[in-house]
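Observations on the three-dimensional arrangement
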Amino acid sequence: MGATVTPPPKKVNRTGFEILSYKGAKTTLCAGCGHNSISERIVECFFELGVPPWNVAKFSGIGCSSKSPAYFLGLSHGFNSVHGRMPSVATGAMLANRTMLGIGVTGDGDTASIGLGQFMHLLRRNLPMIYIIEDNGVYGLTKGQFSATADLGSKLKTGVINDLPPFDCCALALRCGATFVARSFSGDKKQLQTIIKTAIAHNGLSVIDVISPCTTFNDHEGSTKSYSYMKEHEEMLHDLDFVPFYEEIAVDIPAGEVMDVEMHDGSKLRIRKLGHDFNPTNKFEALVALDEAGKKGEVLTGVLYVATGQPNFMEMLNMEEAPLATLPESKIRPPKEALDQMMEELR
Ligand SMILES: Cc1ncc(C[n+]2csc(CCOP(=O)(O)OP(=O)(O)O)c2C)c(N)n1
Ligand code: SF4
Ligand SMILES: [Mg+2]
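Residues numbered from 1 in each chain as written. Chains lettered and ligands numbered in written order. Predicted model: local features only at pLDDT ≥ 70, side-chain atom pairs only at ≥ 80, totals over all residues. Heavy atoms only, no water.

Thoughts on the packing of aromatic side chains
- Taken as a whole, this structure holds five aromatic pairs when the rule is applied.
- A centroid spacing of 5.0 Å and a plane angle of 85° characterise the contact between Phe17 and Trp54, whose relative ring orientation is edge-to-face. Remark: Trp54 occurs in the loop between helix 1 (34-49) and strand 1 (56-60) and Phe17 occurs in the segment before helix 1; sequence separation between them is 37 residues.
- Above the plane of the ring of Tyr246 lies Arg14, whose end atom (NZ or CZ) is 4.1 Å from the centre.
- In this structure, Lys58 is placed above the aromatic ring of Phe72, and the distance from its NZ or CZ to the ring centre is 5.6 Å. (Phe/Tyr/Trp six-rings, centres within 6.5 Å; stacked < 30°, edge-to-face > 60°. Helix = DSSP H or I, 4+ residues; strand = E, 2+ residues; numbered from the N terminus. Lys NZ or Arg CZ within 6 Å of the ring centre and 35° of its normal.)

Okay, here's the thing in structure tokens:
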């Protein structure tokens, strides 16, 4: 008889789940599409932080990007809504059950073209959810027309040049009230992971604009959303680390080089200066930095703004902690006397 081989123990997270519990269906997106890398980062972040997948609600609109939620967190709740209308669906769902951790994944077309009005109202409400824009500058699903985030002068494969100025979703998010605003690149595994983990810990709206090249329609010479353009023009604001609340690491850090931002749950976003003297708690600095980078054709990545301690939409509305569907009749129906009094007043 041969010796029995014991398989290595399966890696589980702090809540006892394997990474398999965080995966979704096999992707149907094109090979090399940036959106696939973002799905992989979402899987890793939720697994590593030990978030139970059934406590997560996924939302999307229409587009290649909006198909992504099928490819991560297969055990979570999900709603694939109408083109550009994800914010209102997500707002309703999150109000109905504020115990859920909400994550929306959408495209630049879904957000900045048809969905711009919905996006702006989401921003001013500080709804506690993560809102990821998979930004490739085109409508990938409908064969690569320019979207409203396409840069001035960017060229399509057909040779057509974009002659309209872009909407910068991060600048909009800063101006209209989001309390965590970041930009990253689908090809930067570590930075994107840290940003998503921080967004998971943030109590408010987190907008993450991820430059996510479309290999089929917008990854050529002349495009400003291609892998090669990003490699040459990405300008990192800082080096980032995320320390979860359950894992405090004591490291000796020379004063002045590092800034820790304490998140709602006690986790820390650790920000180490690179070349820039930049304070991500100052919204005005972020807007100026974006404007200056835009003029030079650079793409600034990192955490542009973080404001902790601001009331989120549910707190402003003084909503019940419990999901609305679980409330007893005594809490959702006015008593008979109140109805009688109302009728009396209408007489
Ligand atoms: C109301 C409506 N208008 C137009 C369309 C056609 N349409 C489907 S996806 C899409 C754009 C998708 O672009 P984006 O959100 O950037 O996602 P990507 O495919 O680039 O990831 C459009 C215009 C639609 N499905 N519904
Ligand atoms: S068309 Fe573009 S955005 Fe859509 S899956 Fe293919 S590479 Fe990705
Ligand atoms: Mg797009």
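A few points about unusual backbone geometry
- Located in the positive-phi region is Asn126, a residue other than glycine, with phi close to 50°.
- Looking at where Asn126 falls in the secondary structure, it is placed in the loop between helix 5 (116-125) and strand 4 (129-135).
- Judged by relative accessible area, Asn126 falls into the buried class, the value being 4%.
- Within the chain, Asn318 stands out as a residue other than glycine whose phi angle is a positive 55°.
- In this structure, Asn318 sits in the loop between helix 10 (313-316) and helix 11 (329-332).
- On the basis of relative accessibility, which here comes to 70%, the residue Asn318 falls in the exposed class. (Buried < 20%, exposed > 50% of the residue type's maximum accessible area, 1.4 Å probe, protein only.)

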